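Coordinates in review
Each chain is listed here by its residues.
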Amino acid sequence: MEDLVVEVCGENGAYYKAYITDVHDDEVSVAFETDWQPESKFSLSRVRLPPKETDGKSEFSENVEVEVYSRANEQEACGWWRAMVKMIKGDFHVVEYLGWETTYTEIVPSDRIRPKNLNPPIKKDTFFKFEIEVPDDVKEYSKTESNHKEFRKACGAAICRYCSIKQALVIISLNETAQKRATMLSDMHFRNLRQKVLLLSRTEEAAKQLESTKLHTSSGYIEEFSVREDLMGLAIGAHGANIQQARKVDGITNIDLEETTCTFKIYGESEEAVKKARSMLEFAEESVQVPRFLVGKVIGKNGRIIQEMVDKSGVVRVKIEGDNEPQPSPREEFLSVQGQVPFVFVGTVENITNAKVLLEYHLAHLKEVEQLRQEKLEIDSQLRSMHNPHPLGPLQSFPVSRRNDRGYSSETDMGRGRASGMGSNRGRLGGPIGRGGKFVHWGDGSRGSSNYVASVSGGSNGSVSGSNSHNNFIPNVEQKGTLISAHSGSSGHRAISRSGKSDGYSTSKGLLNSRK
């Protein structure tokens, strides 16, 4: 504002210090020093610029017109009055005020006297006024004049403030160069304002969270829990999406994460809010043992059953692990139970609970169906024995192909049966047959699980083969009657996510048999 200092002539002829606040066609708006009068408009003829300041002390002589800094009474502010020096005694001057019918004299010190101001009244082109439109996203922030301080100085302007009526920055300067500089710097200035607005909003949010934490730490509800390190990515979510979502739960005041210990701390106004937020962030891994002979039916044709469980429960993925590697890992040894295959679910605790409910219900159904089927087979066997007695006496005993504890026929069993009863047909269903499947993987590819792409083709003898993008061999499958056998020379991984279904299921090494 010092660049727009002026002197306004009062009704008594004295000139008072003031500041330009706005420029109009034939008037200017000014605010007086110490606000001894309200902001007012004055015609250009009553306003002049102050004299230039001099470094040295001015020397005065008698009978020279000067201006004296004085006032008529205690209620007025001091102004510059016209006077004539009548006598000089050291540092004191005897002056006589001009323009009055009655003669007034006063003794004043030299610091209250200055040479006569010769500046003429200001004109329309004394000041340059222009406007710059303000973008919508920074209009609110632009209302604070101090936010444009550096911009005003860079432009060389005297005034830079936001006008709510015009929704623009009003800039007033003593030279035309300021307009060119303001036009050049405006885009950069508004971009900087946006950055400041963003930082301020984040600071305010952090301050509110800090205040809320202080208020509720002692009297509110707090839940603290840890997540396994390899599941932290799922718990946090992409770019912290899960944490942000949990913070939006009504009643949640703050959520802290200690990354070194993978520990979450949730603060809330109610126990329900805290538990709801915890259910969104607490990810875990849990396994369910499935009888080996039921694995195929739990997976379902083309993975349909296990895919349905993934979709309905909301788990991220399910891994199906075996125990037939030459050197199983300690974890597999721990999870694997004789005659059982672990189904490992990964997701939130709530989603894993849902998946276990679905799986256990389906297992109970399969076991009941299997029991009924075995009863029917026993009855069918007795009926065949009664209706087809052998005319030549007792039948010769042949080895009967049976399922082993892994739910499929071994090479030895099948070989003996075919050798005794079928002769040269052994090659059709025989061949080297491995043990159970090693690793089958169903999951949600969008949340960090592995997905493998497989192709399937049908052969003339009813066989189905495929391969995946990892160059693993998917077993050839041959079907005859109700027996399905598979053989392979290398491991194969399959995956299915909640967004799409697999074309079948395969085992890593060897055979996975089922009876349909």
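Now for a quick tour of the structure. In this text the structure is predicted, and so the values were computed from the model without any measurement.

Describing the pattern of salt bridges
Per the stated rule, a full pass over the model turns up 29 salt bridges. Ionic pairing is found between Asp22 and Arg161, a salt bridge with its closest N-O pair at 4.0 Å. Note that Asp22 is positioned in strand 2 (residues 15-23) and Arg161 in strand 12 (residues 159-163), a separation of 139 residues in sequence. By relative accessible area, Asp22 is classed as buried at 18%.

A short note on the sheet that holds strand 15 (residues 252-258)
Pairing in this open sheet of 3 strands is antiparallel, and the strands run 14-16-15 from one edge to the other. Two strands lie at the open edges of the sheet, namely strand 14 (221-226) and strand 15, each paired on one side alone. Taken pair by pair, the neighbouring strands of this sheet meet at an average axis angle of 15 degrees, ignoring direction. Where helix 6 (residues 271-281) meets the sheet, its contacts fall on strand 14, strand 15 and strand 16 (263-268), and the angle it forms with strand 14 comes to roughly 20 degrees.

A word on the pairing of strand 2
Where burial is concerned, most of strand 2 is hidden: 8 out of the 9 residues are buried. Pairing of strand 1 (residues 5-9) with strand 2, which is carried by 5 bridges, proceeds in the antiparallel orientation. Each bridged residue has a counterpart across the sheet, and for Glu7 the counterpart in strand 2 is Lys17. Connecting strand 1 to the antiparallel partner strand 2 that follows it, the hairpin turn spans 5 residues, and Gly13 within it adopts a positive phi of roughly 90 degrees. Across 5 bridges, strand 2 lies against strand 3 (residues 27-32) in antiparallel orientation. Within strand 3, the position partnered with Val23 by the bridge is Val28. Linkage of strand 2 to strand 3, two consecutive antiparallel strands, is achieved through a turn of 3 residues.

Overview of the sheet that holds strand 11 (residues 128-133)
The strand order 11-13-12 describes an open sheet built from 3 strands, whose pairing is antiparallel. Of all strands in the sheet, those with a lone pairing partner are strand 11 and strand 12, marking the two edges. Sheet twist, expressed as the average angle between the axes of neighbouring strands with direction ignored, equals 25 degrees. As paired elements, strand 11 and strand 13 (residues 168-173) share 6 bridges and run antiparallel to each other. Its bridge partner lying in strand 13, Glu133 is registered against Ala168.

Observations concerning the packing of helix 8 (residues 304-313) against helix 10 (residues 349-387)
Interhelical geometry of helix 8 versus helix 10 gives an angle of 145 degrees and a closest axis separation of 8 Å. The interaxial crossing formed by helix 8 with helix 10 has right-handed handedness. Counted together, Ile305, Met309, Lys312 and Ser313 of helix 8 and Asn351, Asn354, Ala355, Leu358, Leu359 and His362 of helix 10 form the full contact between these two elements. Grouping the constituent residues of the contact of helix 8 with helix 10 by class yields 5 nonpolar, 4 polar and 1 charged.

Notes on the packing of aromatic side chains
This structure, assessed with the given rule, holds 8 aromatic pairs. Ring geometry for Phe32 and Phe42: centres 5.8 Å apart, planes at 90 degrees, overall edge-to-face. Within this pair, whereas Phe32 is found in strand 3, its partner Phe42 is found in strand 4 (residues 40-43), the two being separated by 10 residues in sequence. Here Phe32 and Phe42 have matching classes, each one buried. Taken together, the aromatic side chains of Tyr16, Phe32, Trp36 and Phe42 make up a single cluster linked through ring pairs. Its end group placed over the ring of Tyr15, Arg48 keeps NZ or CZ at 3.5 Å from the ring centre. Against the face of Trp80 rests Arg114, its NZ or CZ located 4.1 Å from the ring centre.

A short note on the nonpolar core
Val6, Val8, Ile20, Val30 and Phe127 are the most contacted members of the largest nonpolar core, which has 29 residues in total. Elements represented by at least two residues in this core include exactly strand 1, strand 2, strand 3, strand 6 (65-70), strand 7 (79-89) and strand 8 (92-97). With 4 residues, strand 2 is the single largest residue contributor to this core.

A word on the side chain of Ser186
Structurally, Ser186 is set in helix 3 (residues 177-219). Among the residues examined, Ser186 registers a relative accessible area of 10% and is labelled buried. A polar contact of 3.2 Å, which involves the side chain of Ser186, links it to the backbone oxygen of Thr183. If sequence neighbours within four positions are ignored, Ser186 has contacts with Ile132 and Phe151.

Conventions adopted
- Residues numbered from 1 in each chain as written.
- Predicted model: local features only at pLDDT ≥ 70, side-chain atom pairs only at ≥ 80, totals over all residues.
- Heavy atoms only, no water.
- Salt bridge = Lys/Arg side-chain N within 4 Å of Asp/Glu carboxyl O.
- Helix = DSSP H or I, 4+ residues; strand = E, 2+ residues; numbered from the N terminus.
- Buried < 20%, exposed > 50% of the residue type's maximum accessible area, 1.4 Å probe, protein only.
- Pairing = 2+ DSSP bridges.
- Axes fitted to C-alpha atoms, helices over the stretch in contact; angles between N-to-C directions.
- Contact = heavy atoms within 4.5 Å.
- Left-handed = near helix turned anticlockwise from the far one by under 90°.
- Nonpolar A, V, L, I, M, F, W, Y, C, P; charged D, E, K, R; others polar.
- Phe/Tyr/Trp six-rings, centres within 6.5 Å; stacked < 30°, edge-to-face > 60°.
- Lys NZ or Arg CZ within 6 Å of the ring centre and 35° of its normal.
- Core = buried A, V, L, I, M, F, W, Y, C linked by side-chain atoms within 4.5 Å.
- Polar contact = N/O pair within 3.5 Å; in protein donor to acceptor, adjacent residues only side chain to side chain.

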